[in-house]
Amino acid sequence: MADAKAIRQVESIVRADADRRYIVVSAPGKRFKDDIKITDLLYKCYEEAVETGKCSEFFAPVRARFKEIVNDLGLTFDIDAVLDETEEAIAANTESADFAASRGEYLSARVTAELLGYKFIDATEFIRFDSRGNLNQAYTDDKIKNVFADVEYAVIPGFYGKNSYGKIKTFSRGGSDITGSIVAGGVDADLYENWTDVSGFMVCDPRIVPETKIIKCITYKELRELSYMGASVLHAEAIFPVMKKRISINIRNTFEPQAPGTMIVPTEKYTHLGDNVITGIAGKKDFTVIFLEKSLMNAEVGFIRKILSIVEHHGICVEHVPSGIDTLSIIIESSYLKNGVLSDLVNEIRESVAPDYIHVTENVSLVATVGHGMARKAGVASRLFTALAKSNINIQMIDQGSSELNIIVGVANADYEKCIKAIYCEFFS
């Protein structure tokens, strides 16, 4: 949605299939490397409005961008009036940045609806958040059924809805994916197509393995594992509204519409394509491992609870807790442990459970190897660990879920890229 050319491409995709009835759009992104996304400019508008009571300086490039798009598309509707109204509203809504941030999608949807000749439906008409800021799914679904009942084709802005006080609230960045999923689930769609700038999910990060393959078919569960570990083609929360309805998602490339992309399906619809026993590889850097050892730890009632209570007291999320009879490791994102928090945590654990030995390892990366084929074929773990050994990579932690859907290894940050390359070469080259 970056410029008129991209929006024309969207138009051609929509008109190519009459079953593409409800179109959710994002705000214009970057047109070139050093360009600024509209959403980033709108956050600046909010900051300007808070400081000065107006936002004319940072809204000027937003105004110019949308006027250029409308002119290049040859549309005749009064965009100036819409922009004037939007600028005034941003200056008047300074309670939070959400209203300002949402206007990129709002304006994008107004333009696209005009181009397609479709009805414009504002997301505030049906997306509701509860008093805690969470999506009110049941209420939202009921609203969708009413709002869309007699609407054959519509354009909807992504990224935001309305909170319990009637104010605009946004999802986290990339939240237009969630809006699309909410609409698809609410109207009981046959398929949710998510059009982006890549031709589907890659087996691993193409910045690490440039020749990486496209994943043709993946299950919801596999997607959750890969998304959580850093694969970011689709917003991690976008899967839930369609997963409940067993609606498949098709990730497609706006600029290569002939490419089939990646199908994301419920397990019962999964079709294993090819001989690979794994589906994908993903990972994250910068974790800290707190390792404890204590004799007869397993016989001490409440041992793990005491440690996790200390971690909870500090407001810290735990990533993994691999354990043995007398050993326990707590894996935590290092970002939680800055400014002396790590030292406090270790001292409190010492005082609470008196371990025989405690050791901290920092700068650890977690790499997940994910795939349904792992559960039904012997030797997968052996191949993985052998590949890492041949690449001279020391494994600092191993964790495998009970579903046998993934194997997670911890390695030094310095070995992160080499680890992913070694696993990819073993299973895909």
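Everything that follows concerns the structure shown earlier in this document.
These notes cover the structure that comes with them.

The rules behind the values
- All chains use their own residue numbering, which begins from 1 and follows the written sequence.
- This being a predicted model, a pLDDT of at least 70 is required before a residue's local features are given, and a value of 80 or more before pairs of side-chain atoms are given or counted; all residues contribute to the totals for chains, interfaces and linings.
- Computation of side-chain values covers all heavy atoms of the structure but excludes hydrogens and water.
- Helix and strand definitions here come from DSSP, where helices need a minimum of 4 consecutive H or I residues and strands a minimum of 2 consecutive E residues; each element is numbered from the N-terminal end.
- Computation of the radius of gyration draws on C-alpha atoms alone. For the globule rule, the value is 2.2 Å times the number of residues to the power 0.38.
- Each residue gets one of three labels from its accessible area relative to the maximum for its type: buried under 20%, exposed over 50%, partly exposed in between, using a 1.4 Å probe on protein chains only.
- A contact between two residues is defined here by any heavy atoms of the two lying within 4.5 Å.
- Nine residue types can take part in a nonpolar core, namely buried Ala, Val, Leu, Ile, Met, Phe, Trp, Tyr and Cys, and a core is a set of them joined through side-chain atoms within 4.5 Å.
- Multiplying 1.5 Å by the helix residue count minus one yields the expected span of that helix.
- As a rule, the C-alpha atoms of each element are fitted with a line to give its axis, helices using only the stretch in contact, and angles between N-to-C directions run from 0 to 180 degrees.
- Should an angle fall under 35 degrees it is called roughly parallel, over 145 degrees roughly antiparallel, and 65 to 115 degrees roughly perpendicular, with every other angle called oblique.
- By convention, the crossing between two helices is left-handed when the near helix turns anticlockwise from the far helix through less than a right angle, and right-handed when the turn is clockwise.
- For this classification, the nonpolar set comprises Ala, Val, Leu, Ile, Met, Phe, Trp, Tyr, Cys and Pro, the charged set comprises Asp, Glu, Lys and Arg, and every other residue, Gly included, is treated as polar.
- Criterion used throughout: strands pair if DSSP finds at least two bridges between them.
- Here, a salt bridge means any Lys or Arg side-chain nitrogen found within 4 Å of an Asp or Glu carboxyl oxygen.

## Focus: the overall build of the protein chain
Broken down by element type, the protein chain carries 13 helices and 14 strands. The globule rule puts the C-alpha radius of gyration for 429 residues at 22 Å, and the 25 Å found for the protein chain is close to it. In terms of overall dimensions, the protein chain has C-alpha extents of about 75 × 50 × 40 Å along its principal axes. Buried residues in the protein chain amount to 50% of all 429 residues. The contacts in the protein chain between residues at least 6 apart in sequence include a share of 73% that link residues at least 24 apart.

## Overview of the nonpolar core
One recurring pattern in soluble globular proteins is that nonpolar side chains are buried together. By size, the foremost hydrophobic cluster in this structure holds 108 residues, and its most contacted members are Val-111, Phe-126, Phe-148, Ile-264, Ile-278, Ile-281 and Ile-423. The element that contributes the greatest number of residues to this core is helix H5 (residues 98-116), accounting for 9 residues. Aside from chain neighbours lying at most four places away, what touches Phe-126 is Ile-121, Thr-140, Lys-143, Ile-144, Val-147, Phe-148, Ile-156 and Val-183. Listed in part, the 18 residues of the second largest apolar core include Ile-310, Leu-345, Val-353 and Ile-358.

## A look at the side chain of Thr-86
Among the secondary structure elements, Thr-86 is positioned in helix H4 (residues 79-92). When neighbours within four sequence positions are excluded, Thr-86 is seen to be in contact with Phe-59, Arg-103, Tyr-106 and Leu-107.

## Observations concerning helix H13 (residues 416-428)
Taking 1.5 Å of rise per residue, the 13 residues of H13 would be expected to cover 18 Å, and the 18 Å separating its terminal C-alpha atoms lies within 8% of that figure. Along H13, the residues classified as buried are Tyr-416, Cys-419, Ile-420, Ala-422, Ile-423, Tyr-424, Phe-427 and Phe-428.

## Let's talk about the packing of helix H6 (residues 137-147) against helix H7 (residues 176-186)
For the pair H6 and H7, the least separation of the axes is 9 Å and the interaxial angle reads 65 degrees. Here H7 runs roughly perpendicular to H6, going by the angle between their axes. Seen along the crossing, H6 lies across H7 with a hand that is right-handed. Contact residues: H6 offers Thr-140, Asp-141, Ile-144 and Lys-145, while H7 offers Ile-182, Val-183 and Gly-186. By residue class, the composition of the contact of H6 with H7 is 3 nonpolar, 2 polar and 2 charged.

## Focus on the sheet that holds strand S2 (residues 119-120)
Reading across from one edge, S1-S3-S2 is the order of the 3 strands in this open sheet, with parallel pairing throughout. In the strand order of this sheet, the two ends are held by strand S1 (22-25) and S2, each with one partner. Note that S2 and strand S3 (residues 154-157) share 2 bridges and pair parallel. Bridge pairing in S3 places Lys-119 opposite Ala-154. Those strands touched by H7 are S1 and S3, and its axis lies near 165 degrees from that of S1.

## A look at the sheet that holds strand S9 (residues 262-265)
Pairing is mixed across the open sheet formed by 4 strands, whose spatial order is S6-S8-S9-S7. For this open sheet the edge positions go to strand S6 (191-196) and strand S7 (217-219), each flanked by a neighbour on one side alone. The sheet shows a mean angle of 20 degrees between the axes of neighbouring strands, taken without regard to direction. Pairing geometry for strand S8 (residues 248-253) and S9, over 3 bridges, is antiparallel. Residue pairing across strands places Ile-249 opposite Ile-264, the latter belonging to S9.

## Observations concerning the pairing of S6
What you see with S6 is a clean split: Tyr-192, Asn-194 and Thr-196 sit on the buried side and Leu-191, Glu-193 and Trp-195 on the side with no burial. Inspection of the sheet shows S6 paired to S8 by 6 bridges, in the parallel sense. In the sheet register, Thr-196 faces S8, and the bridge partner there is Asn-253.

## Observations regarding the environment of Phe-240
Of note, Phe-240 is situated in helix H9 (residues 240-243). On the basis of relative accessibility, which here comes to 33%, the residue Phe-240 falls in the partly exposed class.

## A short note on the pattern of salt bridges
Considering all chains together, one arrives at 21 salt bridges under this definition. Here Arg-63 and Asp-84 are joined by a salt bridge, their closest N and O atoms 2.9 Å apart. You can see Arg-63 sitting in helix H3 (residues 56-73) and its partner Asp-84 sitting in helix H4, a full 21 residues away along the chain. On the accessibility criterion, Asp-84 (36% relative accessible area) is partly exposed. Linked by salt bridges that have partners in common, Arg-31, Asp-35, Arg-65 and Glu-68 make up one network.

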